[in-house]
Amino acid sequence: QPSELAKLLIVLTLATFYASRQDKIQHASTFGLGLLHAVVPALLIFRQPHLGAFTVVMVAWFAISLVAQVGDQYLTVVAYDEQLKVTRDTLATAQASYKLAKLQFDIGTGSELDLREAEIVVEQARANRASQARLRAQAENALTLRVGEPLPADLPAALPLGSQDILSNLPV
């Protein structure tokens, strides 16, 4: 039956399409174009009428579209982990600088202006840390939504982005 060949071709073309648009996977246009890949053959199958094959094609489109976003969302979580680490280091440095400015102010070698500036830098770093933590939590929630269940507690920690060799580990 032609619908059997169409099912296979839809899976292959969708996988190729999403792989080629990996940098734009979160855009609505990618989602819409992916739907267009499936709708045209699905409507032809529906006109046969072959409701079972139509349903299989649409479920395949939905599953592939959802799974295509999981890897991208995982990398987003890892990137936020890296940014959060840098933000925490920045806060620690700002706090050390504030302690030094306070010590200088207490012994009379530093001005109150220097102390207030150091205090502002610490508060900005704290606000950045809270913002980064919120963004990381939102990214993890989005990943959980795409996976469809809570992430396992024993999920190994992600490698830093710089040490991941993702492309060379793909089977050819």
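Structure: above.
An account of the accompanying structure is given in this report. None of these values were measured; they are calculated from a predicted model.

Side note on the overall build of the protein chain
Step number 1: Helix and strand counts for the protein chain stand at four helices and zero strands.
Step number 2: The order of α-helices and β-strands along the protein chain, N terminus first, is α-α-α-α.
Step number 3: Buried residues in the protein chain amount to 25% of all 172 residues.
Step number 4: Taking the contacts inside the protein chain whose residues are at least 6 apart along the sequence as the reference set, 67% of them involve residues at least 24 apart.
Step number 5: Element-wise, carbon and sulfur atoms account for 65% of the exposed surface of the protein chain, whose accessible area totals about 11,500 Å².

Side note on a nonpolar patch on the surface
Step number 1: Taken together, the side chains of Leu5, Leu8, Leu9 and Leu12 present a nonpolar region at the surface, about 380 Å² in accessible area.
Step number 2: Mapped onto the elements of the fold, Leu5 is located in helix 1 (residues 2-20).
Step number 3: The class of Leu5 is exposed, set by a relative accessible area of 51%.

Some points on the packing of helix 3 (residues 51-107) against helix 4 (residues 112-147)
Step number 1: The N-to-C vectors of helix 3 and helix 4 enclose an angle of 165 degrees; their axes lie 8 Å apart at closest approach. In this view, helix 3 runs roughly antiparallel relative to helix 4, as classed from their interaxial angle. Relative to helix 4, the crossing made by helix 3 is left-handed.
Step number 2: Class assignment of the residues belonging to the contact of helix 3 with helix 4 gives a composition of 22 nonpolar, nine polar and 11 charged.

Section: the packing of helix 2 (residues 28-46) against helix 3
Step number 1: Look at helix 2 against helix 3: their axes get within 9 Å of each other, and the N-to-C directions meet at 170 degrees. The angle between helix 2 and helix 3 places the two elements in the roughly antiparallel class. In this structure, helix 2 contributes Phe31, Gly34, Leu35, Ala38, Val39, Ala42, Ile45 and Phe46 to the contact, and helix 3 contributes Leu51, Ala53, Phe54, Val57, Met58, Trp61 and Ser65.
Step number 2: Looking at the contact of helix 2 with helix 3 residue by residue, the class counts come to 13 nonpolar, two polar and no charged.

Regarding the environment of Leu143
Step number 1: Here Leu143 shows up in helix 4.
Step number 2: The exposure class assigned to Leu143 is buried, which follows from its relative accessible area of 5%.
Step number 3: Residues Leu143 and Gly71 lie 72 residues apart in sequence; the distance between their C-alpha atoms is 8.9 Å.
Step number 4: Beyond its immediate chain neighbours, meaning those up to four positions away, Leu143 contacts Val70, Gln73, Tyr74, Val77 and Leu151.

What about the side chain of Gln132?
Step number 1: Looking at the secondary structure, you find Gln132 in helix 4.
Step number 2: Gln132 has contacts with Tyr80, Gln83, Leu84 and Thr87, leaving out every residue within four places of it along the chain.

Section: helix 2
Step number 1: The first and last C-alpha atoms of helix 2 sit 25 Å apart over 19 residues, in line with the 27 Å expected at 1.5 Å per residue.
Step number 2: When helix 2 is considered as a whole, its buried residues turn out to be Thr30, Gly34, Ala38, Ala42 and Ile45.

Topic: the environment of Ser111
Step number 1: With respect to the element layout, Ser111 can be found in the loop between helix 3 and helix 4.
Step number 2: Residue classification places Ser111 among the partly exposed positions, given a relative accessible area of 33%.
Step number 3: When the C-alpha atoms of Ser111 and Ala101 are compared, they prove to be 8.4 Å apart, with 10 residues separating the residues in sequence.

The rules we used
Each chain has its residues counted from 1, running along the sequence as written. This being a predicted model, a pLDDT of at least 70 is required before a residue's local features are given, and a value of 80 or more before pairs of side-chain atoms are given or counted; all residues contribute to the totals for chains, interfaces and linings. The basis for every side-chain value is the complete set of non-hydrogen atoms in the structure, without hydrogens or water. Only DSSP runs of H or I with at least four residues qualify as helices, and only runs of E with at least two residues qualify as strands; both kinds are numbered from the N terminus onward. Think of it in three bands: residues with accessible area under 20% of the maximum for their type are buried, residues over 50% are exposed, and the middle band is partly exposed, with areas taken using a 1.4 Å probe on protein chains only. What makes two residues a contact is simply this: any of their non-hydrogen atoms within 4.5 Å. Surface accessibility in these figures is a Shrake-Rupley result with a 1.4 Å probe; residues are shielded only by whichever protein chains are displayed. Patch members must show over 30% relative accessible area and no salt bridge, and they are joined within 9 Å when carrying like charges or within 5 Å when they are nonpolar side chains of Val, Leu, Ile, Met, Phe, Trp or Tyr. Salt bridge, as used here, is a side-chain nitrogen of Lys or Arg placed within 4 Å of a carboxyl oxygen of Asp or Glu. Axis lines are fitted through C-alpha atoms, for helices just across the contact stretch, and the angle between N-to-C directions can take any value from 0 to 180 degrees. Each angle is binned into one of four classes, with values under 35 degrees roughly parallel, values over 145 roughly antiparallel, values of 65 to 115 roughly perpendicular, and all other values oblique. The handedness criterion is simple: a crossing whose near helix is rotated anticlockwise from the far helix by less than a right angle is left-handed, and one whose near helix is rotated clockwise is right-handed. Nonpolar residues are Ala, Val, Leu, Ile, Met, Phe, Trp, Tyr, Cys and Pro. Charged residues are Asp, Glu, Lys and Arg, and all others, Gly as well, are polar. Expected span of a helix, by definition, is 1.5 Å for each gap between consecutive residues, and there is one gap fewer than residues.

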